[in-house]
Amino acid sequence: MMILVTYDVSFEDGNGQKRLRHIAKTCLNYGTRVQYSVFECDIDSSQWVVFKDTLLSIYDPSVDSLRFYKLGKGWRNRVEHHGAKRAVDIFQDDLII
């Protein structure tokens, strides 16, 4: 399933930068960054449980925000992209590692 993850981390306290880096690194482990605080994650249901629990353990709910959008299997028909920084589609594009 495709999950779109967005976040906003407050820098009001001294731990904001650390939380931001930790959230971004966790998201990179599960998906592709498509904008600064937006990730597309193509994961299965067991990965989703671990991923979500990990993010919820990092953020501070009193000042930070996490949003999860479950786009499902037909997500390619629901997403339009315009402009720069097109994300690589590892299922349709050639990927050289």
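Residues numbered from 1 in each chain as written. Predicted model: local features only at pLDDT ≥ 70, side-chain atom pairs only at ≥ 80, totals over all residues. Heavy atoms only, no water.

- Looking at an unreviewed UniProt entry, the protein chain carries the name CRISPR-associated endoribonuclease Cas2, with the source organism given as Paraglaciecola aquimarina.
- Looking at the Sequence similarities (unreviewed entry) heading of the UniProt record, one finds this comment for the protein chain: "Belongs to the CRISPR-associated endoribonuclease Cas2 protein family." (UniProt positions renumbered as here; feature names shortened; annotations may be inferred.)

### A short note on the sheet that holds strand β3 (residues 38-42)
By way of backbone hydrogen bonds, the strands of a sheet pair with one another, either parallel or antiparallel.
So, point 1. Spatially, 4 strands are ordered β2-β3-β1-β4 in an open sheet, and the strand pairing comes out antiparallel. Because the sheet does not close on itself, it has two edges, and the strands there are β2 (32-35) and β4 (65-72). When the angles between neighbouring strand axes are averaged without regard to direction, this sheet yields 25 degrees.
So, point 2. Note that strand β1 (residues 2-8) and β4 share 7 bridges and pair antiparallel. The partner of D8 across the bridge, within β4, is S65.
So, point 3. Where helix α1 (residues 16-30) meets the sheet, its contacts fall on β1, β2 and β3, and the angle it forms with β3 comes to roughly 30 degrees.
So, point 4. Each of β1, β3 and β4 is contacted by helix α2 (residues 45-58), which is oriented at about 165 degrees to β4, the strand it contacts most. (Pairing = 2+ DSSP bridges. Helix = DSSP H or I, 4+ residues; strand = E, 2+ residues; numbered from the N terminus. Axes fitted to C-alpha atoms, helices over the stretch in contact; angles between N-to-C directions. Contact = heavy atoms within 4.5 Å.)

### Some words on the nonpolar core
So, point 1. Counting 17 residues, the largest nonpolar core has V5, Y7, I23, C27, F51 and L55 as the members making the most contacts within it.
So, point 2. Elements with a contribution of two residues or more to this core: β1, α1, β3 and α2.
So, point 3. Dropping the residues within four chain positions of it, L55 is found in contact with V5, I23, T26, C27, L66 and F68. (Core = buried A, V, L, I, M, F, W, Y, C linked by side-chain atoms within 4.5 Å. Buried < 20%, exposed > 50% of the residue type's maximum accessible area, 1.4 Å probe, protein only.)

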